[in-house]
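# Notes for the structure review
What follows is each chain in one-letter form.
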Amino acid sequence: MHPTASSRATDDGAGAPVVELDDVVAVLGSFPALAGLSLTVRRGEIVLLRGPNGAGETTLLRVCAGLVPLERGTGTVAGCDLASQRAEVRARVGLLGHTNGPYADLTVRENVRFWGATVGATTAEIDASLERMGLAARLADVTVGRLSAGQKRRTALACLVARRAQLWLLDEPHAGLDAAGRDELDRTLHAAVAAGAEVMVASHELERAGTLATRVVDVVGGQATDAPDARGATGPSGGTGSGT
């Protein structure tokens, strides 16, 4: 039996939940993509969501981004209620999905400036985001539609850096990146956590993502359970599965 979310609660503000889901059901069409899922993510965590295709990882990220409504259950993200404050949730999180997101007719710099403007990012912060993802030199003023798949992925990540999201939600983030880009992404995520953010990442590249994660959660059949992490040690508590 996995401990319940309530039994894991602490009085330490540093460990207060950033994500707290309880018995969540989310339906896509008529299919329950999440079926009574419970999960807690605390400050400073990088949580790897692993599971087979169609298990619910992508839907879980989209629920946490405020893009998919709850059919049943309760949830909060960054202190905002997922039933009544989904717009506020979307302002506090950054989601990188399978599709990259930047506007193809804008330059790399214009895309990063656009997303940075949503949180009042300065010109220096925009430039730093471009530099971090290796885009500041010859690519900054190229339209996104002319970029390679890997360069588009870097642009999407630079937009995420500029947004200064409290919660980073990443779906297969290493896809399309070369070795240098993957290393830079890992450094960027560690820097984001060091600056006070949290990260949830869904990935089938378990060797890579497992070394990055501080905790591993298995998502199977629309439910979540804590798992031994990729290094063979039990991850910190916080994820629960209904009925386990």
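From a predicted model like this one, the values you see are computed outputs, not experimental measurements.

### Some remarks on the sheet that holds strand β6 (residues 93–96)
- Sheet architecture is open: 6 strands sit in the order β6-β7-β8-β3-β9-β10, paired in mixed fashion. Edge positions in the sheet fall to β6 and β10 (223–227), since each has one partner strand and no second. On average, each strand axis in the sheet is inclined to that of its neighbour by 20°, with strand direction left out of account.
- Judged from the 4 bridges that link them, β6 and strand β7 (residues 167–171) form a sheet pairing that is parallel. Within β7, the position partnered with Leu96 by the bridge is Leu170.
- Of the strands in this sheet, β6 and β7 touch helix α5 (residues 149–163), which is tilted by about 175° from β6.

### Examining the nonpolar core
- Core analysis: the largest hydrophobic core is formed by 38 residues, its most contacted members being Val112, Leu130, Leu135, Trp168, Leu170, Leu189 and Val199.
- Those elements that provide at least two residues to this core are β3 (46–50), α3 (108–117), α4 (123–132), α5, β7, α6 (179–194), β8 (198–202) and α7 (206–212).
- When residues in this core are grouped by element, the largest group, 7 residues, is from α5.
- Contacts of Leu130, omitting those with residues within four sequence positions, involve Val108, Arg109, Val112, Leu135, Ala136 and Ala140.
- Ranked by size, the runner-up nonpolar core spans 32 residues in total, among them Ala65, Leu82, Leu169 and Ala224.

### Details of unusual backbone geometry
- Of note in this structure, Asp23 is not a glycine but carries a positive phi near 55°.
- With respect to the secondary-structure elements, Asp23 resides in strand β1 (residues 17–28).
- The exposure class of Asp23 is partly exposed, given its relative accessible area of 28%.
- The backbone of Ala78 sits at a positive phi, close to 55°, despite the residue not being glycine.
- Within the secondary structure layout, Ala78 lies in the loop between β4 (72–77) and β5 (80–81).
- We classify Ala78 as buried; its relative accessible area is 16%.

Thresholds applied
- Residues numbered from 1 in each chain as written.
- Predicted model: local features only at pLDDT ≥ 70, side-chain atom pairs only at ≥ 80, totals over all residues.
- Heavy atoms only, no water.
- Pairing = 2+ DSSP bridges.
- Helix = DSSP H or I, 4+ residues; strand = E, 2+ residues; numbered from the N terminus.
- Axes fitted to C-alpha atoms, helices over the stretch in contact; angles between N-to-C directions.
- Contact = heavy atoms within 4.5 Å.
- Core = buried A, V, L, I, M, F, W, Y, C linked by side-chain atoms within 4.5 Å.
- Buried < 20%, exposed > 50% of the residue type's maximum accessible area, 1.4 Å probe, protein only.

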